[in-house]
Structure formats: structure tokens, C-alpha cells
Amino acid sequence: MIVTVHTLAQKRQFLAAARRDPLLHALLGRDLTLWADNPGAPVRLFLAGEAALSVSSNSAWLAGAPDDPEELASFLRFVGVENLYTAARDPATDFRLAGRERGYCLPPGRTLPQPPLPQGFALDTDLGAGAAASLLFPYSAADRDGFYSRTCTAVNHGLARLWGLRDARGQLAATVGADALFAGQAYLSLLCTAPCYRRRGLGSWLVLAISNALTVRGWQCVFLSEAHNVDFYQKLGYVPWDGLNLYKDAKRNG
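The structure presented is a predicted model; accordingly, all values stated were derived computationally and were not measured.

Asker: What's the story with the overall build of the chain in this structure? I'm lost.
Answerer: What the chain contains, in helices and strands, is 8 helices and 12 strands. At 18 Å, the chain has a C-alpha radius of gyration in line with the 18 Å of a compact globule built from 254 residues. Dimensions of the chain, computed from C-alpha atoms along their principal axes, come out at roughly 55 × 40 × 35 Å. Counting the 254 residues in the chain, one finds 51% classified as buried. When contacts within the chain are restricted to residue pairs at least 6 apart in sequence, those whose partners lie at least 24 apart make up 66%. Accessible surface, the chain as shown: approximately 12200 Å² in total, 51% of it carbon and sulfur. Between the centroid of the 25 positive side chains of the chain and the centroid of its 22 negative side chains there is a distance of 6 Å.

Asker: Is there a simple way to think about the nonpolar core in this case?
Answerer: Nonpolar side chains in soluble globular proteins tend to end up buried together. Within the largest apolar cluster, 42 residues are counted, with the highest numbers of intra-cluster contacts made by Trp163, Leu188, Leu202, Leu206, Ile210, Leu214 and Tyr238. For leucine 206, the contacting residues outside a window of four places in its chain are Leu123, Trp163, Gly164, Leu165, Ala174, Thr175 and Val176. Counting 30 residues, the second largest nonpolar core, distinct from the first, contains Ala17, Leu28, Leu32 and Leu34.

Asker: I would appreciate a short explanation of the sheet that holds strand β3 (residues 51-56) in the present structure.
Answerer: Strand pairing in a sheet relies on backbone hydrogen bonds, with the paired strands running either antiparallel or parallel. Spatially, β1-β2-β3-β4-β5-β12-β6-β11-β10-β9-β8-β7 is the arrangement adopted by the 12 strands of the open sheet, whose pairing is mixed. Every interior strand has two partners, whereas the edge strands, β1 (2-4) and β7 (122-124), have only one. Neighbour-to-neighbour, the strand axes of this sheet turn through a mean angle of 25°, independent of strand direction. Note that β3 and strand β4 (residues 59-63) share 5 bridges and pair antiparallel. Bridge pairing in β4 links leucine 53 to leucine 62. The sheet strands contacting helix α1 (residues 8-19) are β1, β2 (43-48), β3, β4 and β9 (172-182), and the helix crosses β2 at an angle near 85°.

Rules used throughout
- Residues numbered from 1 in each chain as written.
- Predicted model: local features only at pLDDT ≥ 70, side-chain atom pairs only at ≥ 80, totals over all residues.
- Heavy atoms only, no water.
- Helix = DSSP H or I, 4+ residues; strand = E, 2+ residues; numbered from the N terminus.
- Rg over C-alpha atoms; globule rule 2.2 N^0.38 Å.
- Buried < 20%, exposed > 50% of the residue type's maximum accessible area, 1.4 Å probe, protein only.
- Contact = heavy atoms within 4.5 Å.
- Areas by Shrake-Rupley, 256 points an atom, 1.4 Å probe, with all protein chains shown as cover.
- Lys, Arg positive; Asp, Glu negative; His and termini not counted.
- Charge placed at Lys NZ, Arg CZ, Asp CG, Glu CD.
- Core = buried A, V, L, I, M, F, W, Y, C linked by side-chain atoms within 4.5 Å.
- Pairing = 2+ DSSP bridges.
- Axes fitted to C-alpha atoms, helices over the stretch in contact; angles between N-to-C directions.

Next up, the structure:
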């Protein structure tokens with residue numbers, strides 16, 4: 001049975017499921033901290049048997065395997081989920097594997113060689129959510145607004161931070177974020193470079209900079225990479241980690 005996370009016992013069960021997933025621990029812990037007691041929140045939290053489920057807009061993140069894949073599929077369709085991210089295998093009936101991303105880790109206390117700051121750019125370690133939203137979602141006002149609301153809340157509670165590189169005119173050229181900071185783990189994402197500045201190493205410089213800054217303060221950094229970047233991150237020195245699968249509803253997507 002799928003239930004909304006509300007009671008203290010349910011919160012403990014949700015967090016226990018999150019702890020068992022090395023890539024979703026910080027994300028789900030952040031969501032539990034911010035949204036569990038807010039009925040109007042943009043993120044909704046559920047238990048699917050022993051599994052923890054976080055739903056935001058048309059995407060969901062699942063830690064653990066649900067008791068009833070058919071029930072989960074019906075529930076996901078009911079709440080409008082199109083993309084399900086999880087390490088579980090075949091978690092929901094008729095949701096088909098659409099991709100897989102590899103995870104990487106940088107342990108606490110370890111740093112990687114950092115090249116000099118790219119010439120002509122300045123580091124902004126207090127980047128506003130509005131500036132990041134405009135770079136990340138240039139064509140979708142709904143996505144920008146949703147990101148801005150969620151990220152401002154997380155940053156204001158110390159559960160996220162945004163960094164960026166600005167060009168000589170002060171325009172944002174690239175961004176990266178510790179999208180979730182929870183229980184000693186930092187989940188890195190939101191990596192984006194403006195089209196005119198791509199292939200100049202700005203993104204990799206930012207990832208190295210923020211992960212080094214966090215690990216020296218005792219954080220474990222984890223992030224996901226698309227398959228074509230696997231060799232790149234291993235050469236930089238990041239440790240291969242567990243990954244996540246992306247499932248899509250076969251009935252909705254043909």
C-alpha cells in the first residue's frame with residue numbers, strides 16, 4: 001500500500017530506505033527535511049511498502065524496491081509521473097528502462113588536482129537561484145519557476161548551494177550545484193554551460209572546484225554522469241559508484 005509520509009514512524013521508515021541507497025540518500029533526506037510536514041509543498045513524499053518515493057512535478061525518485069509494482073505503476077500515472085529514477089530493477093509494471101547513468105564519488109578529505117581558474121572568468125560561490133534557473137531552463141517558464149521555488153527553500157535552509165562562473169561582463173557562463181546537502185553527503189548536479197562557452201573546460205573546472213571545497217570540509221560528494229562522460233570523470237580521479245536507472249511509462253510513451 002502506498003501512503004503519504006506523515007507520522008514520525010513513517011518518516012523514520014522513509015529515511016531508513018533512503019540510507020540504503022548511496023545516490024539518493026542526500027536527495028531524499030533533503031526532501032524529508034524540507035517538505036514532509038507541508039501539505040502544499042511542490043515535493044510529495046510517500047512510502048511504497050518498504051521503499052521511499054519522492055515526487056516532484058512529472059518526475060519521481062525511488063529508494064528500495066516496492067512491494068507491488070502494479071500498484072506503483074497505477075499510482076505514478078495517477079500523480080502524473082513520466083520519469084522514474086531508481087536503482088531498483090523493474091520497479092513498476094509497464095515502466096520500461098529508458099537509460100542508465102553511472103554514479104561517481106569523491107570521499108571526505110580527498111581532493112583532486114585543480115587547474116587554474118579559466119582566464120577571463122570569475123567564480124561566484126553565492127549564485128542566486130534565479131540566475132541559475134535562467135541558464136538551466138531558458139525555454140520553460142514553468143521549469144524555471146519550479147526550480148527557483150524549490151532551490152531557494154533548500155539554499156535558505158542550508159541544504160543546497162549554487163556556484164557559477166561569470167564572464168568579463170558579469171554574465172553567467174556556467175553553473176553547478178550541491179543540489180542536496182544532508183547527513184554528510186553532497187549530491188552534485190545542475191551542471192550547465194552557456195552554449196557560447198562550451199568545450200572550454202568550464203564545467204569540469206566547476207565540478208572539481210565545488211567537490212574539492214566540500215570534501216575538505218568533510219562532505220562525501222556523489223553525482224551522476226551520462227555514459228559518454230564515464231572515462232572523463234574517471235581520468236579526473238572520481239571513484240566509480242552505484243548508478244541510477246531511468247524508467248518511462250511504456251503506455252504513455254508508446
